[in-house]
Amino acid sequence: MTSKKKIILIMFLFFCSMIYAQKPVVYYSQYAQKSQKDHAASLTKFLQDVSKKNAVGVIDGYTIGFDKEVSIKNLNNVELSFKNSVLYSNKRFSGFFLNFVNSNNIVIDGINVEMYRTALPVYIEKDYPNIYNSALGFKGCQNIEIKNSKFLNLYNRSVQVTESSGKISVHDNIFSSKKQNQKYLIEHVVIGSSPNGAVSIIKNKFENESYDNPDFGISAISGYGLGKINGKVDIIDNYINNAGRSNAGLHRLFAIDFYDDCDNITVKGNTISNVMWGAVRFNGSSENTVIADNIITIKNPDDSSSITSSTTAGNRNFRNISISNNTITAISGLNSAIMLQNQFENVKTENILIKNNKINNSYNNISLIGYFDDVSISQNIIKGTKAAVGISFMLKNKYGNKQIYINDNIIHTFNTGISLNSMDNKANNNDFTIRNNEVNTTNKSFKGYGIIVNLGMKGKIDIEQNNIFNFATGLYLRENTVNMKLNKFDGNARNLSKD
């Protein structure tokens, strides 16, 4: 066979395989008139046939009003393509517009849901935790993809996935909410109790109407019980504007929030603007968390920190935690930027890295509280007229297994650069190396300390090759465990004080 014939044969086989691979198409127009009022029965039959034929179901040119949930159970291979169509409601109803239960291989492409058009009753405390007028629900499902869709006028939730597995993908969608007047259940995307799911939430836009009271705030993405065995969570390249809810209601949530036992989380490359409470929280998460390359702007600070985690009694480890290359800017006072808490002596900390973050105008910048060792805080830039305390530790009584490193940071604060403290001044035996940091203040009234080692810090502490400028006291040492070498002092009212 000549080479030309071989090429022709290969092309023929390729096109045959393409034709063979194409799914049949089923049109909703075969099931429903555009003028009909109730679509529940016709949608159910349509979805059943799409599944049975392993087809692509196309809904084109429909405006469908909902006053009750359409439940889809025990179906496989449901691929829906929405074109020029809108799903909407003017009435409060229980559940979801479309609720998938025990179904597999679901693709939703181009759906446009207005969760309400006319005002619905205000969701009040006695309604919690019941769900009304939410767009898409999935329970006990496997392999879910939601893409190129719009979810408008949030009432309770836009997308909820629970007890599911396989690939769970939410990408290239638009989510929006008007200003809210309730404070109990307002979240766009919630993924829960799906420990083996490979969750990816990528390149979505969450654009909420501006609000000034975080009591009535909105969470963009939240999850619980995720990232075990084969599971993981990737939150990448999303844009979030106006998000975060305080604890005035029954459940506070950050813009991006994971709680109750989540591992293997990556939050990377997101832009989170006008944060109204906190940006990223991973409470109760214990292993393999990466928070990197995010751009965060804080409008209204929360009561903990912009990026934060607190261990729970159920954690065995708090390890492989990396917070790096984030830019955090506070546009109001009293913000805290990064805070990690471990209040349980049995929880082992290991390989915790806070590196190369740029923090501007946060009052407290990097704080670790509780039981910690094996921590590295390096190459961060901390500055701003509202920056009071740069890097601080408030440690509980512990014999550290590994050192804590504070190296190569640039810290410009008006009060304190680096502060080492033991809870209640009780003996703490962590070892520290503090090396090659630039610690400076432009406060001309000579307040505060460049580096302070407070009572109770009984471990070996090496303070070497730091530049400490313009403080009331450059080094304030209240324990005799400190070794000093080759530090440079300039412009301090007093370079060294011991008591």
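Computed from a predicted model, the values in this text were never measured in an experiment. (Residues numbered from 1 in each chain as written. Predicted model: local features only at pLDDT ≥ 70, side-chain atom pairs only at ≥ 80, totals over all residues. Heavy atoms only, no water.)

Draft legend 1. Seen up close, the packing of aromatic side chains. Under the definition given, this model contains 15 aromatic pairs. A ring pair is formed by Phe100 and Phe138, whose centres lie 5.2 Å apart and whose planes are at 5°; its orientation type is stacked. Pair noted here: Phe100 is in strand S7 (residues 96-101) and Phe138 is in strand S10 (residues 134-139), with a separation of 38 residues, a long-range link. Classification of Phe100 by relative accessible area gives buried; the value is 0%. Summarising the aromatic geometry, the rings of Phe393 and Phe432 are spaced 5.1 Å apart at their centres and angled 85° between planes, so their arrangement reads as edge-to-face. Within this pair, whereas Phe393 is found in strand S37 (residues 389-395), its partner Phe432 is found in strand S41 (residues 432-435), the two being separated by 39 residues in sequence. (Phe/Tyr/Trp six-rings, centres within 6.5 Å; stacked < 30°, edge-to-face > 60°. Helix = DSSP H or I, 4+ residues; strand = E, 2+ residues; numbered from the N terminus. Buried < 20%, exposed > 50% of the residue type's maximum accessible area, 1.4 Å probe, protein only.)

Draft legend 2. A look at the layout of surface pockets. Within this model, the largest pocket holds a volume of roughly 240 Å³. The wall of the largest pocket is formed by 19 residues, among which Lys37, Ile64, Gly65, Phe66 and Asp67 lie closest to the centre. No other element matches strand S3 (residues 63-65), which puts three residues into the lining of the largest pocket. Classifying every residue of the lining of the largest pocket by side-chain character gives six nonpolar, seven polar and six charged. For the second largest pocket, the calculated volume is near 160 Å³. Around the second largest pocket, the lining residues are Tyr116, Ala119, Leu120, Pro121, Val122, Leu154, Tyr155, Lys179, Gln180, Asn181 and Gln182. Of the residues assigned to the lining of the second largest pocket, the class counts are seven nonpolar, three polar and one charged. (1 Å grid on protein atoms, 1.4 Å probe; cavity = no way out; pocket = protein on both sides within 12 Å on 5 of 7 lines; lining within 4 Å. Points joined across faces, edges and corners; volume = space filled by probe spheres on them. Nonpolar A, V, L, I, M, F, W, Y, C, P; charged D, E, K, R; others polar.)

Draft legend 3. A look at the nonpolar core. Phe138, Phe151, Phe393 and Leu420 are the most contacted members of the largest nonpolar core, which totals 112 residues. The leading source of residues in this core is helix H2 (residues 40-52), at five residues. Excluding residues that lie within four positions of it along the chain, Phe138 makes contacts with Asn99, Phe100, Ile106, Ile144, Ile146, Val159, Gln160, Val161, Thr162 and Ser164. In this structure, Leu120, Tyr155, Tyr184 and Leu185 belong to the second largest nonpolar core, which totals nine residues. (Core = buried A, V, L, I, M, F, W, Y, C linked by side-chain atoms within 4.5 Å. Contact = heavy atoms within 4.5 Å.)

Draft legend 4. Inspection of the pattern of salt bridges at higher detail. Per the counting criterion, the structure on display carries 20 salt bridges. Glu187 serves as the salt-bridge partner of Arg157, at 2.8 Å between the closest nitrogen and oxygen. Taken as a pair, Arg157 in strand S13 (residues 157-162) and Glu187 in strand S16 (residues 187-194) lie far apart in primary sequence, 30 residues in all. In this structure Arg157 comes out as buried when scored by relative accessible area, which is 14%. (Salt bridge = Lys/Arg side-chain N within 4 Å of Asp/Glu carboxyl O.)

Draft legend 5. Representation of the environment of Phe46. Within the secondary structure, Phe46 is located in helix H2. Measuring from C-alpha to C-alpha, the distance between Phe46 and Val58 comes to 9.7 Å, with 12 residues separating the pair along the chain. Excluding anything up to four places from it in sequence, Phe46 contacts Val26, Tyr27, Tyr28, Tyr31, Gly57, Val58, Ile59 and Leu80.

In short, geometric facts, not functional conclusions.
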